[in-house]
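Structural overview for review
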Amino acid sequence: MPLPYRRLTALMTRFNGSSLLIDCGEGTQVAIKEKGWSFHPIDIICFTHYHADHISGLPGLLLTLGNAERTEPVLMIGPKGLERVVNALRTIAPELPFEIRFHELSEKEETIRVKGYKIHAFRVQHNVTCYGYTIEIERKGRFDVERAVKAGIPQMYWSRLQKGEQIQLDDRLLTPDLVLGPQRKGIKITYCTDTRPVSQIASCAKGADLFICEGMYAEKEKEAKARQYKHMTFYEAARLARDAGVSELWLTHFSPSLVHPQQYMKDVKAIFPRSFPGKDGKSVELDFIDENE
């Protein structure tokens, strides 16, 4: 439940003029406003599951998007039942100037590419159907002049191939791989909440630049409660981060009884040193990094 200075669950990413939300708990649009960010570029909204603390902020956000004169479609991604749940919530937001498109997840793992994002949804273990999400920004290989010359490709086509185009030249199909080197390291974040610490999470978070993971409980005596309600402790999240080899862990989705998460971080950092407690408005800018830097 919301507390002073702590609203309900939501994550926003921004890339190349397009914003993506994962979950939309109560207070999400207030938090966006406080951050000084814009509603208008929100093109994609992913839902982990349909408990109220993860979706109750949606009707107000949709109305705000409409009032911001948005006309482009919004893509929503979530477990089965997405369209039914969203349309029920839209009883109080019935008329919108933009289309909502739905992608209902049915497989254990699915990948969707949209607006430059590679979105990988993976099923986790909660008391209802729930998914985690890995969001990647892929990065093409460097343009290789030597390869382009060796392949006999006219210079006039180089830039188009570099941008990912395929070109039919007489009886020959020119493809980007003829002029590009190996794919370079992109940007990867994994977001996971409302689940037990299943191995699928570490697998999908492998090598992530940022791993945002629920830590419902920090008190050692609440481990049994975490198992009972299909949630996670700080220490279980830290072990997942360690096993996945991520660069940094942010803990989130705290129990209302957990008002001073920082006092437990010494034991968490003993498991995974790059662990930090999340807080409202926390953000970071991630840039492409070359492996040889």
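The coordinates are above.
Inspection of the secondary structure assignment puts S18 in strand β2 (residues 18–22). For S18, a relative accessible area of 4% gives the class buried. Among the polar contacts listed, one links the side chain of S18 to the side chain of D43, at a separation of 2.6 Å. Dropping the residues within four chain positions of it, S18 is found in contact with T13, P41, D43, I44, K115 and Y117.

Let's shift gears to the pairing of β2. Of all 5 residues that make up β2, 5 are buried, and the element is covered over most of its length. Across the two faces of β2 the burial is the same, with S18, L20 and I22 and S19 and L21 all buried. Pairing analysis gives 5 bridges linking strand β1 (residues 11–15) to β2, with the strands arranged antiparallel. Following the sheet pairing, R14 is matched in β2 by S19. Taking the residues between adjacent antiparallel strands as the criterion, β1 and β2 are bridged by 2 residues, where N16 takes a positive phi near 55°. Both β2 and strand β3 (residues 42–46) contribute to a ladder of 4 bridges, which runs parallel. Counterpart to I22 in the pairing with β3 is C46. Since β2 and β3 lie parallel, the crossover through helix α1 (residues 28–35) that links them has a hand, and here it is right-handed.

What follows covers helix α4 (residues 82–89). Of the positions making up α4, those classed as buried are L82, V85 and V86. Each buried residue of α4 lies within a common arc of 95° when the element is viewed along its axis, so the set occupies one face.

Reading across the sheet, the 5 strands line up as β1-β2-β3-β4-β5 and stay open at both edges, with mixed pairing between neighbours. The two strands at the open ends of the sheet, each matched to only one other strand, are β1 and β5 (100–105). Strand-to-strand twist of the sheet, defined as the mean angle between neighbouring strand axes without regard to direction, takes the value 15°.

Procedures and definitions
Residues numbered from 1 in each chain as written. Predicted model: local features only at pLDDT ≥ 70, side-chain atom pairs only at ≥ 80, totals over all residues. Heavy atoms only, no water. Helix = DSSP H or I, 4+ residues; strand = E, 2+ residues; numbered from the N terminus. Buried < 20%, exposed > 50% of the residue type's maximum accessible area, 1.4 Å probe, protein only. Polar contact = N/O pair within 3.5 Å; in protein donor to acceptor, adjacent residues only side chain to side chain. Contact = heavy atoms within 4.5 Å. Pairing = 2+ DSSP bridges. Right-handed = clockwise from strand over helix to strand, strands pointing away. Arc of directions from axis to C-beta. Axes fitted to C-alpha atoms, helices over the stretch in contact; angles between N-to-C directions.

It is worth stressing that arrangement in space is one thing and function is another; only the former is reported here.
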